[in-house]
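What the coordinates show
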Amino acid sequence: MYPEAIARLIEALQKLPGVGPKTAQRLALFILSLPREEVVKMARAIVEAKDKTHYCRVCGNFSEKDLCSICLDKRRDAAVICVVQDARDIIALERMRDYRGLYHVLGGAISPIDGIGPDQLRIRELLERLQKSKVKEVILATNPTVEGEATALYLAKIIKPLGVRVTRLAHGLPVGADLEYADEVTLLRALEGRREL
Amino acid sequence: MKEIRTYGLVLHVRSFGEADKLVTLLTQETGKITAVAKGSRKTKSKFSALLESLTLGKFLLLRGKTMYTFIQGELIKPYTKLHFDLERLGYAQYFCELCERCLPEGEPAEQFFSLLVTALEALEQDSCPARVARCFEMGFLDLLGLRPALDGCLLCGSQAGPFYFDPSQGGLLCANCPRPAESFPVGAATIAIMKRFLALGFTKLSVCHLSPEASEQIQQVSTKLLEYALGVVNLKSLRFLQQVNF
Ligand SMILES: [Zn+2]
Ligand SMILES: [Zn+2]
């Protein structure tokens, strides 16, 4: 018998169409003979392909089709794009039912220590969207974290020259909290995001 | 279970589970440790600003069997100036990554803590972030016991250049002595600046002129020494800095 890890791989390969136990065994042993990077590349390709078919081609939202229901909805305002880090953030924003524009999912935030720079995010796709369509405003709704702020600042710097209005989701004081308990970072951001009344 | 109170700097924050954070800290008392902060990703968490990358704070932690648990803390300094500029952010996290990758878990590292805090202060003020980074690298190598030997050729003692740096022996070799393949040239100006950084640290850093060539060579000395002595390779923040062209 094979060690457990190999047995598990053989079992997984048998799920492929037209692959019986013998072929699965042969494929498994072939995979084991490859250099580690090759195997990682292969495994990653499978996972990535799987992941990507589940996201909207335009905005990166969860979608079972090529385009998600929000991108397909003609009643939504195509002149406004709200940029978020994660597709899950769209679900949170949609819950309030007040936003009528479109979205763009970055797939993360700039984080040097995690090796995530502009090239690892869907920033090129965003710029292409801005060049192709008549977007008037981009709302940056990345998280109020160090990484989210850095991403927002970077995006503002590259989007503004395109003549598109760039706004940042206001954040600061949590609803229902006392001012005196707020920390200085929260207060600083709340002050920066103040508005005319 | 034992409670510890310590000053610490947040090196790295990772999402953990539903709403928790896994926070790597460089503490003044117990060196590098990892703590789980329960519920800290929720918008109502009182400590979300404290548990952010590049934040100096006072922490109360509970020591468990395998990990620490964050109980509460106080924000001392958030280094906000470093958030607003990708180059400075990249360098600051480079310092953090070096500490995270090179220091052992749970061993006192008070001098590393001071070095890191001093470097972040300098990075906020200095007009040349690369200069701060190179100075940090020298100080960091020195504390690790990897201070490069820069007084003449390691083999024959010659004081005459051109010199090459040999990371496997941690010092200079002259042009007349046999050199291993991994050695690389370092200019006289580069050697002089490294000596200055090792002698003076961050004092009067602003008057020190660092050419792009010297900066690159010093970074190579540091990267190669860490690779040969500790097996530390592929620093992600360094790749980031290259990607964004700093
Ligand atoms: Zn879509
Ligand atoms: Zn020699």
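So, here is what we can say about the structure in this document.

Cut-offs and rules
Residues numbered from 1 in each chain as written. Chains lettered and ligands numbered in written order. Predicted model: local features only at pLDDT ≥ 70, side-chain atom pairs only at ≥ 80, totals over all residues. Heavy atoms only, no water. Helix = DSSP H or I, 4+ residues; strand = E, 2+ residues; numbered from the N terminus. Rg over C-alpha atoms; globule rule 2.2 N^0.38 Å. Buried < 20%, exposed > 50% of the residue type's maximum accessible area, 1.4 Å probe, protein only. Contact = heavy atoms within 4.5 Å. Areas by Shrake-Rupley, 256 points an atom, 1.4 Å probe, with all protein chains shown as cover. Buried area = accessible area lost by both parts, 1.4 Å probe. Salt bridge = Lys/Arg side-chain N within 4 Å of Asp/Glu carboxyl O. Polar contact = N/O pair within 3.5 Å; in protein donor to acceptor, adjacent residues only side chain to side chain. Donors = N, O, S within 2.8 Å, 3.2 Å for Na, K, Ca; no water. Tetrahedral: all angles 85-135°; square planar, octahedral: opposite > 155°, others 65-115°. Pairing = 2+ DSSP bridges.

1. Digging into the overall build of chain B
In terms of regular secondary structure, chain B is built from six helices and eight strands. Shown N-terminal to C-terminal, the secondary structure of chain B runs as helices and strands in the order β-β-β-β-β-α-α-α-β-β-β-α-α-α. Against the 2.2 N^0.38 benchmark of 18 Å for 246 residues, chain B shows a C-alpha radius of gyration of 20 Å, consistent with a compact globule. Dimensions of chain B, computed from the C-alpha atoms along their principal axes, are close to 65 × 35 × 30 Å. Taking all 246 residues of chain B together, 56% fall into the buried category. Counted over contacts in chain B with a minimum sequence separation of 6, partners at least 24 positions apart contribute 58%. In the structure as shown, chain B presents an accessible area of about 11200 Å², 50% of it carried by carbon and sulfur atoms.

2. What to know about the overall build of chain A
Secondary structure summary: chain A contains eight helices and four strands in total. Going from the N terminus to the C terminus, chain A shows its helices and strands as α-α-α-α-β-α-β-α-β-α-β-α. Projected onto its principal axes, the C-alpha coordinates of chain A cover approximately 75 × 40 × 30 Å. Within chain A, the proportion of its 197 residues that are buried is 38%. Long-range contacts, defined here as pairs at least 24 residues apart, represent 50% of the contacts in chain A between residues at least 6 apart.

3. Here we look at the interface of chain A and chain B
In this complex, chain A contributes 23 residues to the contact, which on the side of chain B involves 23 residues. Taking both partners together, chain A and chain B bury about 2100 Å²; carbon and sulfur atoms supply 66% of that area. Ranking the residues of chain A by area buried against chain B places Pro112, Ile113 and Val146 of chain A at the top, with a combined share of 36%. Summed over the shared surface of chain A and chain B, the number is zero salt bridges. Counting across the chain A and chain B interface gives six residue pairs in polar contact (both at pLDDT 80 or more). Counting only elements with at least two residues in the side of chain A that touches chain B, the list comes to helix 7 (146-159) and helix 8 (184-192) of chain A. With five residues, helix 7 of chain A is the single largest residue contributor to the side of chain A that touches chain B.

4. Here's the deal with the coordination of the zinc ion (ligand 1)
Residues and elements named next belong to chain A. Protein coordination of the zinc ion (ligand 1) is provided by Cys56 (SG), Cys59 (SG), Cys68 (SG) and Cys71 (SG), with donor distances spanning 2.3 Å. Given four donor atoms and angles of 102 to 115 degrees at the metal, the environment of the zinc ion (ligand 1) is assigned as tetrahedral. Mapped onto the polypeptide sequence, the residues donating to the zinc ion (ligand 1) form the spacing pattern C-x2-C-x8-C-x2-C. Separated by twelve residues along the polypeptide, Cys59 in the loop between helix 3 (36-52) and helix 4 (69-72) and Cys71 in helix 4 bring together distant segments of the chain.

5. Looking at the pattern of salt bridges
Residue and element names in this part refer to chain B. For the structure shown, the criterion picks out 20 salt bridges over all chains. Here Glu52 and Lys21 are joined by a salt bridge, their closest N and O atoms 3.5 Å apart. Taken as a pair, Glu52 in the loop between strand 3 (31-37) and strand 4 (56-63) and Lys21 in strand 2 (residues 20-27) lie far apart in primary sequence, 31 residues in all. Of the two residues examined, Glu52 and Lys21, each falls in the buried class. Here the salt bridges share partners, and the residues they tie into one network are Lys77, Glu121 and Glu124.

6. A few points about the coordination of the zinc ion (ligand 2)
In this structure, Cys153 of chain B (SG), Cys156 of chain B (SG), Cys174 of chain B (SG) and Cys177 of chain B (SG) serve as the protein donors to the zinc ion (ligand 2), at separations of 2.3 Å. Of note is the zinc ion (ligand 2), whose four donor atoms meet at the metal with angles of 104 to 116 degrees in an arrangement that counts as tetrahedral.

7. Looking at the pairing of strand 3 of chain B
Two faces make up the sheet, and in a regular strand the side chains alternate between them. Residues and elements named next belong to chain B. Within strand 3, seven of the seven residues are buried, which leaves the element mostly enclosed by the surrounding structure. Pairing of strand 2 with strand 3, which is carried by seven bridges, proceeds in the antiparallel orientation. Looking at the pairing, Leu25 lines up with Ile33 of strand 3. Between strand 2 and strand 3, which pair antiparallel in sequence order, lie three residues. Where strand 3 and strand 5 (residues 68-77) come together, two bridges link them in parallel fashion. The residue bridging Val36 from the neighbouring strand is Thr69, located in strand 5.

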